[in-house]
There are 2 protein chains.
Amino acid sequence: MTLVVSRNPATGASRDLDVHDTSSSEVRALSKRASSIAAEFARRPLAWRASLLRAMADELERRAPSLVEVAMEETALPRPRLEGELRRTAFQFRFFSDVVLDGAFLQASIDHATDSAMGPLPDLRRVRVPIGPVAVFGSSNFPFAFSVPGGDSASALAAGCPIVIKAHPAHPATSLATFEALVSAANAAGAPEGLLGLVFGLEAGVALVQDPAISAIGFTGSVAAGRALWQLANARATPIPFFGELGSANPLVVTQSAANERASEIGAGIAGSMTLGVGQFCTKPGLLFVPAGNPGDEVVTSLAGVLRDLSGMTMLSEGIAAHFGEGTNAIAAVQGVSHLVGGALDGATQVVAQLFEVDTDVFNGPFAAALHEECFGPLAIVVRYRNVSDLRVALEGVQPALTFSVFSEDNDPDAPWLIELAQEKSGRVIANQFPTGVGVSWSMQHGGPWPSTTNSAATSVGAGSIDRWLRPVTYQALRAELLPTALRDDNPLGVPQRVDGVQS
Amino acid sequence: MTLVVSRNPATGASRDLDVHDTSSSEVRALSKRASSIAAEFARRPLAWRASLLRAMADELERRAPSLVEVAMEETALPRPRLEGELRRTAFQFRFFSDVVLDGAFLQASIDHATDSAMGPLPDLRRVRVPIGPVAVFGSSNFPFAFSVPGGDSASALAAGCPIVIKAHPAHPATSLATFEALVSAANAAGAPEGLLGLVFGLEAGVALVQDPAISAIGFTGSVAAGRALWQLANARATPIPFFGELGSANPLVVTQSAANERASEIGAGIAGSMTLGVGQFCTKPGLLFVPAGNPGDEVVTSLAGVLRDLSGMTMLSEGIAAHFGEGTNAIAAVQGVSHLVGGALDGATQVVAQLFEVDTDVFNGPFAAALHEECFGPLAIVVRYRNVSDLRVALEGVQPALTFSVFSEDNDPDAPWLIELAQEKSGRVIANQFPTGVGVSWSMQHGGPWPSTTNSAATSVGAGSIDRWLRPVTYQALRAELLPTALRDDNPLGVPQRVDGVQS
């Protein structure tokens, strides 16, 4: 059996871990075990479920020093970033504890029997129930917040679903250590055994998507891998929902008015945002629309200046760095592209920031596919537009994205149509701020039309991300004792109920 | 060009209509036109959208006499049934008018900028926006309520989406007449031209699913057709959500306690439910679990007696009747099946009710696939179980369904596990009532796990059916003038808002 290997991308050192790639029969056993306790877990009181999530947050924080150490070794990300990410991860578990206690996610609705214009209606009561065991595919770029203890795991547990997690090969030791923290908290809380599972290896991932005991999938990764797994999920005898967060070029528009007022500030801000975490953010601004001439030139000069002053950076893995090199070369090969900042890549995982510039004729042209796709890493393409109609045509040609940022002054007459176009093209419309931060909150949307996700109605961050793991069931003419507690007239759980059409 | 033909299934008579099968370029033009006015329609005030839906209801009622006539000729359904269905259809438009004015469907949420344990959070506001033009595939079995003026159309318009409808070939004249009613109401209300489109023919349906201007699909029909179109939707360069209501065998369990008390009443009730509308209901109870021996025998005797007394019935089309014949033969061919009621089918569209009986050994056996699938029409299979554990094993083997009915007495100790299993296996759990009626209400769920639908989180009836046509967008740090009205602090629309986590 193939042992799982942990690699240090900064030094190239590697070590065998005390686990092996998970076999198909082991995947089968974990999925069946998850399925066997799904109903029991779903029946536990909401208050217990909320306390389990808080216990997981506590345990992650208790183990923070050692978790950050192991993640630093595997990701080459700096300590403050990883400490912040772990804080966010714990915060996210507590947030979902609040979401569970709030109870609105159940969408409880009671219609008492009545006569209507279409005839008599029986007693009908609807609530959302857990969808069943969820497979979670951890991401490369966030070893905590979008991996084993990430948002998919927290939201699925909050929904009442057991989880089986596929560890990302870029950080297996971090995956193991964070998994142990979750298991420890679950055991201490008396959770049913089988609530949490962890698997390693490409084949195990495929087996997981195909396992009949798995009811839904959460995935964060590339378009290619996501599309392949999504197709596997659709090809099952019983297809299941696949929620994939894929690729996003995240357009950012600097209007003439903003360039006139804040050229250098915006340029420097873009540089910070596009290199945050070595540009390994799904929300990295990758397509920058800047007016031609002055003061657009000043935006680019400021941006390029900051990028040139940055030293080399270490990417998460050799594979990711190689992919970044390929993406860089593909963009450089497009006729009419200027390579403003960049240069030779140095070593297996070491890279420097890359900046390209094109005009809209090239960007809108037939050979520009490489300019339209996400290139994961510290790279951006500046698209220089001549005037407003030129900008509009170029923007209508961009692929939908997770985010769409617009920098403009308050009196800018183009802001309304830009905001409307941004809404059509993305899941998050941002004014005068950079898109990289993704706050965990009630109102966050982290998802957009294809290819940024497989399902534009879903989000993988924020309260709404629990929606992915629920399905509604209506109970018709049931005696009170047989009803789910959330649907009883006396509402002992105190959850929000819509009663005869009126929301409480 | 092929003219569209309207057929009378009772007489076999046919007539050419004054329309032809829609060409691919005509589909393209209708979809593009829908797309071109999508943003304008979405911008109209909610109150206007609600009044449009009410005007459509009024217009359908104004034209009721002629609409019922044309539908009778094409479907052979009796006048009272069609009058009732049209009442329901108008009711549904008015119901969605209420849903629009209620505003909860927008899920407006406002988080003001704040400091959190994970750091500062910007101003974030989330609302659901229309997904874009929706293609609606009308059903065969409900010429009004699940066709051109059906739930998919009403809910998509309520969500703010233009629609292009594929007429079902079983009732093209009804499709035309109802479409004209909707267009007339839309024109009178000043709706943008292109809000409604209608296409005919198999190829037009395929072109519609593949059209880049279409953003989502609603479908009601068979597993085979639904799965094929769903795969087309997934194979697009830009895949889109496909909401298909497919096949459902709708299990119904009679417990020993219920058989003891109400054998004949239940048997007669099943007979009525399974032959309602010539058994052409997606919610027809098709799998009947009845205890072996007495008084289970009495349930079957009562049911069979009513069915034998029924005269021949006319199905909706020759194709549907032929398919019913094939399904009947496939079930009869299963070794160990008793054919209790039935006999030769008479004429191209004339059928008689069919009743089969098996024991659980046959039902659970390896050659019983035909017993597990929906057979569309007045047919049911009685599965006789020996005891509770025998029943449980058989039920665990049934395919998920739209509905799952349980008949039991109040003191029946098996009711709790039956209800729990019913919830796992369906979208609507029914106690001591028949599943055929599907009320339009806030709490209705008409959808269940595969193969009953392509998406168990969706419903095609009730307030929740609007959810299919919406996607969330978050606005970060936008000035008030640029925000959607539903997200303004002063809430001029008076819609429900969650503000800083607290629902108003």
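Here the residue numbering is sequential within each chain, running from 1 through the sequence in written order. All chains are assigned letters beginning at A, and all ligands numbers beginning at 1, according to the order in which they are written. Since the coordinates come from a predicted model, pLDDT governs what is reported: local features require at least 70, and pairs of side-chain atoms require 80 or more to be given and counted, while whole-chain, interface and lining totals use all residues.

Student: How should I be thinking about the domain arrangement of chain A in this particular structure?
Tutor: The extent of an interface is frequently quoted as the accessible surface area lost upon association of the parts. Residues and elements named next belong to chain A. By convention here, the domain bounds are inherited from an automatic or database domain assignment. Here chain A is partitioned into domain 1 (21-104 + 130-246 + 456-472) and domain 2 (251-431). Distance between the C-alpha centres of domain 1 and domain 2: 32 Å. With nine residues of domain 1 at the contact, the number on the domain 2 side is nine residues. In this classification, Asp, Glu, Lys and Arg are treated as charged, Ala, Val, Leu, Ile, Met, Phe, Trp, Tyr, Cys and Pro as nonpolar, and every other residue, Gly included, as polar. Its residues placed into classes, the side of domain 1 that touches domain 2 shows three nonpolar, four polar and two charged. Our contact criterion uses C-beta atoms placed from the backbone: two residues qualify when those atoms are within 7 Å.

Student: What am I meant to see in the relation of the copies chain B and chain A here?
Tutor: Two copies of one chain are present, and they are related through a rotation about an axis combined with an axial shift. The two copies are related by a screw operation: chain B maps onto chain A through 180 degrees of rotation and 0.0 Å of translation along the axis, at an RMSD of 0.0 Å. Such values leave the two copies arranged in the relation of a two-fold axis. Considering only C-alpha atoms, the part of chain B nearest the rotation axis is Asn234 of chain B, at 4.3 Å. Mapped onto chain A, 100% of the interface residues of chain B again fall at the interface, so both copies present the same surface. C-alpha atoms of residues with pLDDT of at least 70 in both copies form the basis for the least-squares superposition of the copies.

Student: It is not clear to me how unusual backbone geometry should be interpreted in this structure. Could you clarify?
Tutor: Trans is the common state for peptide bonds, and a negative phi is the common state for residues other than glycine. The step from Asn294 of chain B to Pro295 of chain B runs through a cis peptide bond, and the omega angle for that step is 0 degrees. Secondary structure is summarised from DSSP: a helix means a run of H or I of at least four residues, a strand means a run of E of at least two, and numbering begins at the N terminus for each. Tracing the backbone shows Pro295 of chain B in the loop between strand 13 (287-291) and helix 10 (296-309). Of note, the amide linkage connecting Trp450 of chain B to Pro451 of chain B takes the cis form, showing an omega dihedral of 10 degrees. Although it is not a glycine, Gln107 of chain A adopts a positive phi angle of roughly 50 degrees. Position of Gln107 of chain A relative to the elements: it lies in the loop between helix 4 (79-102) and strand 3 (108-111).

Student: Looking at this model, I keep getting lost on the nonpolar core. Mind explaining?
Tutor: General note: in soluble globular proteins, nonpolar side chains tend to be found buried as a group. Nonpolar core, as used here: buried Ala, Val, Leu, Ile, Met, Phe, Trp, Tyr and Cys residues forming one set through C-beta atoms within 7 Å. We call a residue exposed when 12 or fewer other C-beta atoms sit within 10 Å of its C-beta, buried when the count reaches 20 or more, and partly exposed for counts in between; the C-beta positions come from the backbone. Counting residues in hydrophobic clusters, the biggest one holds 328 residues, and the most contacted among them are Phe289 of chain A together with Phe289 of chain B. Each residue touching Phe289 of chain B, except ones within four places of it in the same chain, is listed here: Pro251, Leu252, Val253, Val254, Val383, Tyr385, Leu391, Ala394 and Leu395 of chain B.

Student: Explain the packing of helix 2 (residues 46-62) of chain B against helix 6 (residues 172-188) of chain B to me, please; I cannot follow it from the model alone.
Tutor: Geometrically, a packed helix pair is captured by the angle between its two axes and the distance between the axes. All names here are of chain B. Across the interface, helix 2 lies against helix 6 with an axial gap of 8 Å and an inter-helix angle of 135 degrees. With respect to helix 6, the element helix 2 is oriented oblique. The two elements helix 2 and helix 6 meet at a crossing, and its hand is right-handed. Where helix 2 approaches helix 6, its residues Leu52, Ala55, Met56, Glu59 and Leu60 are matched on the opposing element by Ala181, Leu182, Ser184, Ala185, Ala186 and Ala188. Residue classes in the contact of helix 2 with helix 6 are distributed as nine nonpolar, one polar and one charged. An axis is simply a line fitted to the C-alpha atoms; with a helix, the fit covers only the stretch in contact. Between two such axes, the angle follows the N-to-C directions and lies from 0 to 180 degrees. Small angles under 35 degrees read as roughly parallel and large ones over 145 as roughly antiparallel, with 65 to 115 read as roughly perpendicular and the rest as oblique. Helix crossings are classified by the rotation of the near helix relative to the far one: an anticlockwise turn of less than a right angle makes the crossing left-handed, while a clockwise turn makes it right-handed.

Student: Sorry if this is basic, but what is going on with the confidence of the model for chain A here?
Tutor: As a note on interpretation, predicted positions should not be read in detail where pLDDT is low. For every residue, the pLDDT score states the predictor's confidence, bounded by 0 at the bottom and 100 at the top. Residue-level pLDDT values for chain A average 97, and 100% of them are 70 or greater. For this predicted complex, the interface confidence score (ipTM) comes to 0.97, while the overall pTM stands at 0.97.

Student: Can you walk me through the sheet that holds strand 13 of chain B in this structure?
Tutor: When DSSP locates at least two bridges between a pair of strands, those strands are taken to pair. Overall, mixed pairing links the twelve strands, which are arranged 23(A)-22(A)-3(A)-6(A)-21(A)-20(B)-19(B)-12(B)-13(B)-18(B)-17(B)-15(B) in an open sheet. Of all strands in the sheet, those bounded by a partner on one side alone are strand 23 (502-503) of chain A together with strand 15 (338-341) of chain B. Those strands touched by helix 11 (residues 318-332) of chain B are strand 15, strand 17 (354-359) and strand 18 (379-385) of chain B, and its axis lies near 20 degrees from that of strand 18 of chain B.

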